[in-house]
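Understanding the architecture of this molecule
Single-letter residue listing:
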Amino acid sequence: MPTARSTEAGGILLTPQVSRKGMSLSQDAWRRLRKNRVAMISLVAIVSICILAFLTPLLPLQAPDHAQTALQYEEPTISPFWLPTKPLDMELVSQTPQVVAHLETELTDLKLRYELAKQSGENLDNARRQLRRKEAEIQDTIQAPYRQLGYPSLGMLSRAMVRARFALFGNQCINSLCGRDLLGRDLLSRLFWGARISLLVGLVATIVSLVIGVNYGAISGYCGGWIDDAMMRFVDVLYSVPFIFVVIFLLTILGEDSIADELAYWGINRITVFFLVVGAIYWLTMSRVVRGQVISLKHELFVEAARSLAASQSRIIFLHLLPNLLSVVLVYLTLTIPRVMLFEAFLSFLGLGVEPPDVSWGLLANEGIKVITPVKIYWWLILFPSLALGATLLALNFLGDGVRDALDPRLRDA
Amino acid sequence: MTSFMVRRLLWMAITLLVVYTVSFFLMRSVPGGPFDRERVLEPEIMKNIEKRYNLDKPLYQQYLIELGKVVRGDLGYSYKINDYTVNEVIAEGLPISVALGSLALIFATTLGLVAGVTSAVLRGTWGDVLLMLIATLGIALPNFVIAGICIILFVFLLPLFPAAGWGDFNQLVLPAFCLGAPYAAYIARIARTSMLDILSQDHIRTARAKGVGPLRLILVHALRGALLPVVSFLGPAVAGILTGSLVVEQIFAIPGLGSHFVQAALQKDYTLAMGLVLLYTLLLYVMNWLVDLSYALLDPRVELE
Amino acid sequence: MSSTSRTLVACFLLGSLLLIVVWSTLEGGLPPADFTFINESEVKSVDPALISGQPEGRIATSIFEGVVRNDPETLEPIPGVAKSWEISEDRLVYTFFLRDNARWSDGLLVTAYDFAYSWRRFLDPRTAAEYAYQAWYIKNAHDYSLGGSGIQPGDPVEIELNLPPTAINTLRGEVLHGKLIRIIPRRDEERDFLVEIDGKEITYRPTDDSEAARNDPPEGVAWCRQVLLDFREVGIKVIDELTMQITLENPTPYFLGLLGFYPLYPVNQKCLETYGAPQWTKADNIVTNGAYKIVFRRIRDRIRMIKSEYYWNRENVRLELVDALAVESLTTALNLYLTDKADWIGDVPPPAMRELIREEPPRNDLNPVPYLSSYFYFVNTQIKPLDDVRIRRALSMALDREEITSKLLPAGEPPSLSLVSPGIENYRTQTADAENPELARQLFAEAGYPEGHGFPRLEILTNTHEAHQAIAELIRKQWQRVLGITVKTRNEEWGAYNASLRLGKYDLARRGWIADYSDPNTFLDMFTTNSEQNSTGWSNAKYDELLELAQIEPDPDKRFRLLEQAERILLDELPMIPIYTYVSKNMVKPYVRGFYNNVRDDHPVWAMWIDRSQESPNPFLRGRQ
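Residues numbered from 1 in each chain as written. Chains lettered and ligands numbered in written order. Predicted model: local features only at pLDDT ≥ 70, side-chain atom pairs only at ≥ 80, totals over all residues. Heavy atoms only, no water.

So, the overall build of chain C
- Regarding its fold elements, chain C presents 17 helices and 25 strands.
- Seen through its C-alpha atoms, chain C measures out along the principal axes to roughly 85 × 75 × 65 Å.
- Taken across its 625 residues, chain C has 59% of its residues classed as buried.
- The long-range fraction of contacts in chain C, counting pairs at least 24 apart against all pairs at least 6 apart in sequence, stands at 67%.
- Positive and negative side-chain charges in chain C, numbering 69 and 91 respectively, have mean positions lying 4 Å apart. (Helix = DSSP H or I, 4+ residues; strand = E, 2+ residues; numbered from the N terminus. Buried < 20%, exposed > 50% of the residue type's maximum accessible area, 1.4 Å probe, protein only. Contact = heavy atoms within 4.5 Å. Lys, Arg positive; Asp, Glu negative; His and termini not counted. Charge placed at Lys NZ, Arg CZ, Asp CG, Glu CD.)

What about helix H15 (residues 361-370) of chain A?
- Of all 10 residues in H15 of chain A, 8 are buried; the element is thus mostly enclosed.
- Buried residues along H15 of chain A sit in contact with helix H3 (37-55), helix H7 (187-223), helix H14 (326-349) and helix H16 (379-407) of chain A together with helix H6 (143-157) of chain B.

Observations concerning the interface of chain B and chain A
- Counting from both sides, the interface comprises 45 residues of chain B and, opposite them, 41 residues of chain A.
- Both sides of the chain B and chain A interface together cover about 3,900 Å² of buried area, and 79% of this is carbon and sulfur.
- Its largest share of buried area at the contact with chain A, chain B owes to Trp11, Ala140 and Phe144 of chain B, together 14% of the area lost on that side.
- On inspection of chain B and its partner chain A, the count reaches 1 salt bridge.
- A salt bridge links Arg189 of chain B to Asp401 of chain A; the shortest N-O distance between them is 2.8 Å.
- Summed over the shared surface of chain B and chain A, the number is 1 residue pair in polar contact (both at pLDDT 80 or more). (Buried area = accessible area lost by both parts, 1.4 Å probe. Salt bridge = Lys/Arg side-chain N within 4 Å of Asp/Glu carboxyl O. Polar contact = N/O pair within 3.5 Å; in protein donor to acceptor, adjacent residues only side chain to side chain.)

Regarding the environment of Asn126 of chain A
Residues and elements named next belong to chain A.
- Tracing the sequence through the fold places Asn126 in helix H5 (residues 124-149).
- On the basis of relative accessibility, which here comes to 35%, the residue Asn126 falls in the partly exposed class.
- Taking the C-alpha atoms as reference, Asn126 lies 8.9 Å from Tyr114; in sequence the two are 12 residues apart.

A word on the nonpolar core
- Residues Tyr151, Ile248 and Leu347 of chain A together with Phe144 and Phe252 of chain B are the most contacted members of the largest nonpolar core, which totals 203 residues.
- Setting aside anything within four residues of it in sequence, one finds Phe144 of chain B in contact with Ala345, Phe346, Phe349, Gly362, Ala365, Asn366 and Ile369 of chain A together with Val247 and Ile251 of chain B.
- Judged by nonpolar contacts, the second largest core, of 128 residues, contains Ile236, Val267, Met526 and Leu562 of chain C. (Core = buried A, V, L, I, M, F, W, Y, C linked by side-chain atoms within 4.5 Å.)

Quick notes on the sheet that holds strand S12 (residues 236-240) of chain C
Residues and elements named next belong to chain C.
- Sheet architecture is open: 4 strands sit in the order S4-S5-S13-S12, paired in antiparallel fashion. The open sheet is flanked by strand S4 (82-87) and S12, the only strands paired with a single partner. In this sheet, neighbouring strand axes are inclined to one another by 20° on average, regardless of whether the strands run parallel or antiparallel.
- Here S12 pairs with strand S13 (residues 243-247) via 4 bridges, running antiparallel. When the sheet's bridge partners are listed, Ile236 is paired in S13 with Ile246.
- Packing of helix H3 (residues 112-123) onto the sheet brings it into contact with strand S5 (93-98), S12 and S13, and relative to S12 it is tilted by some 165°. (Pairing = 2+ DSSP bridges. Axes fitted to C-alpha atoms, helices over the stretch in contact; angles between N-to-C directions.)

In structure tokens, the structure reads:
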């Protein structure tokens, strides 16, 4: 499992003596974790959720954005289990590369014109608009056969998976086991597609914060002296900034039309902004903990040894110290992902989360909350999204506790 | 002690300045402004307004002028609500948010402590598992979901509390509970852990051997030790409750700062939003500072650096 | 040991301190109101000149009163501050006789001077009133409100001089009268004005007070605030304290109705000039002339109003204490209504409406009916390929309006193929082509986009609101389905959305229009070439001409025929795609009386009362199927 493997990978880089110790440590922890029944169940649950989310396009589900208003607010149904669905227009799919190739040549032409306009400064706006239009047209052409069926914008891999799904299961799809929403879209498939975004958001944002936090903390701790002082002061200052407010402020400002347009041109959409901003918030605690670890580690024998072998500073930090921080990092990872996912749900509630036709669990839960009125409760619309979100976060929390206990019981109060 | 205070104040000023500067320039980078009307204004009128609000000056001068005002405590006019200044909005909203937050904090600590201690005492039984499951669920569910469920349960199925609004104590209970719930859950978990630690320590065993009754044992001997970790969680809890009120105030239509901020941000009322960001920075700083101070008072071993 | 007991004591102290804080902030002192209604969003202002929305209108109509009022049931003008009026033969001159017992809430008489003051202020370009065009029917009012752009050499003008920057901001500077000789353009659209006053020629340069106080004007130039048409040229004349005469540009059959609409309510000069803006709007300062006055206002919570003891018709105002709650969320509003914390809500969340309307037996507090309004999409006719009328017609024909209304609009909103909604007597409804997917595809092919190939990506712009977004989403899918084109949706907050419309930064944009007065003109004049509301870039000389002819046509029948022809042109050209007609979605407790369904969904609070005996059926439910 990831825990053991990555620790080993780190261990190889260390001096033999320490690496043996490291391995035994991680094996020990793994053994302890395996004894923890709740944590193991959680681990299995999380891994299966992740695999399912990854394989979603391959599963025989209905398309997540396929509206059938005739079936508005249909209650969960199990029979018949299979429903027919519209087939993928393979002819259109096979034609696409040709059309795209043609459009690409036009695009290069427009790009050239844009460059010219940039130099002369004339008609810049117009040239840019045309360029963007063409780019959008290419995207539309590629997505057209999938969009017809009600899929959101898909990446290359997902498109291949959707094609494979139609080859495998043909026109069969599972009936709406979790009911349907206002537009008659199938909640079950929306939950699966939502899982992809929610998990991705949680994971990527956490990793961003991890990268910042670990590096910052490690550098600060290793350098010591006034650098350490200054860097930690900075962290102290940031602690007092009400980040949720700043994030909302930022998201609304960056959502302003002209700015969003500009950002979109650089391939930055709201989710990317979210990754960066959240990553930029959650690294604070990480950097503090890592710094503490580094300070205690840097006087250990193997670091002294490396130093005496005239290893460069950065080599010592990145190859010798960082791998030893894995336990802290793992604990932090499992505890931060749920927080980030909750934060995304929170932003969805305010209408600042992912944008349709993309879905996330937070968005679904919010749609469910909106249709809760005392007059009629469409219970499936709130129950299933909360269940999905709640169960995943519960599992992550339990796993986080388990990993923490297993790796280092002393960290419990961290 | 004094130098500690002075240093803290200095850092606070710097933080506020940074937050202000960043938001000011972000705000000004957005097209449109306070005087965007549905009507097209006469050029003379537009120019006059720009002069009046110094918008015709270079950006750095505007920055300095505005900064001067903020330092004097004048946060300017709301872009969207003509009849109010930002200061007036804050003056109306702050007490409401503070009251809501205080009650939420009381809920969080009492419920959390009771649940945590009970769970530790009942260790290994179904009661323990159930309590901890509820606690973890409290952490795992977004609080707008918790609030929605609470409204259905306690407003309609069991008509105990009003659905929304502000004015009397009854209207405060449900929102304060929803706001405090996740923190009650955290506190329950922390209290349980530290309680278990203490129950296994020698002096408790000795006390038990001496024949101290179980209730007295828990309340007098064990609880004391279990409190400190809880107190140290209060800092983050206060910060969380302050910001968590964004959602809860929305759902329960409470006219506190959280609602004001969300509405201001969504309606692009940038002056109001910026004023509130500054205020929250200040509040958070003061809170952190108070928590640090209270450590020193509670635990003589901690010294203020 | 000691440290832990200190902890306990400290915790206890902290806890009780917090409790004290909680108690101290709760007033508990606010007695319950007689009548509570949900006023949706927080009002932008209570100044009638500066507002434009429905929530603001409800407050303004409660605390101010115009020359006339609108009857709560028929919306016909009935006497307000004026007890009677005379209209000249050519329907151009209105003489109003004010009642001698209409008083401000400070006890002083409401006079003709108050109206002249308020309307001048309303038209003043410096006030920048959004609704200023509601007064442009008055002679020369348009030119006056255009300020420097409304005057030409030779016109009599007035020059407002600067005041010190510290002066109360509602005060007017000294006003000089003269004759405009020449306008001298300067950089950045700024202008100097050469004016002759008492035989002397002076060049005036408009500037802000602060600059005027700081710097001396350049050689040969004098500072002023603004130069505009002489107000004495505007058709507002005070005959004596209780009589005034209004002269119109054209015979405008709906003019009286407009006087009952909030932009033309009077404001109190003394109050404004004592406190300045916006301080005068504070509950403690404000002086009003309507049935109610504000006693308490808390932002995003409530406006509490109490019956005014100086209101002339106070015997017939039966609700003593009224609360208007600012509750944004429809679900929260419904919850409050169902738990008896509110007596009237103006809107119901769609999922709940679906159920409420189907209840058996039918509810005794719900009766949705269509009113004069229209929900449609603007088409930006200035960009390719929407400049092609075939494309616009095809887009309209490709819509399945029935699907939209039946699935997304549960209150029974009727699908619509016209701009002017049905319900105006004698006006014959015009319609656009009905749904026809075949023909739509054919038109697309003719325009060069067979099966949507090569058609650029279109974008639907909506303002941020769930219902609009859901409709846009469904329309997107319908167009995709029928025409094979790619459509995106984008939503913007109200202010930004308006700016995008004005600047033409959209392809298709949703728009709603609720009649300001019961006449087709309120819909149709939106699409004239010069209309500020016309953001489609569409312009049709014949259309403009028909509307102008209608303006001066005294015969109501002939006038309607002209307007019908105009709408015909509009619906053939389709710079807008009609979608549906709004219905009112009020839920009113059965004991609330004086509440009627009417053609503008306009419900003045002063007409309502509470009758718990409920002996007669509630007139609100009249006409229900």
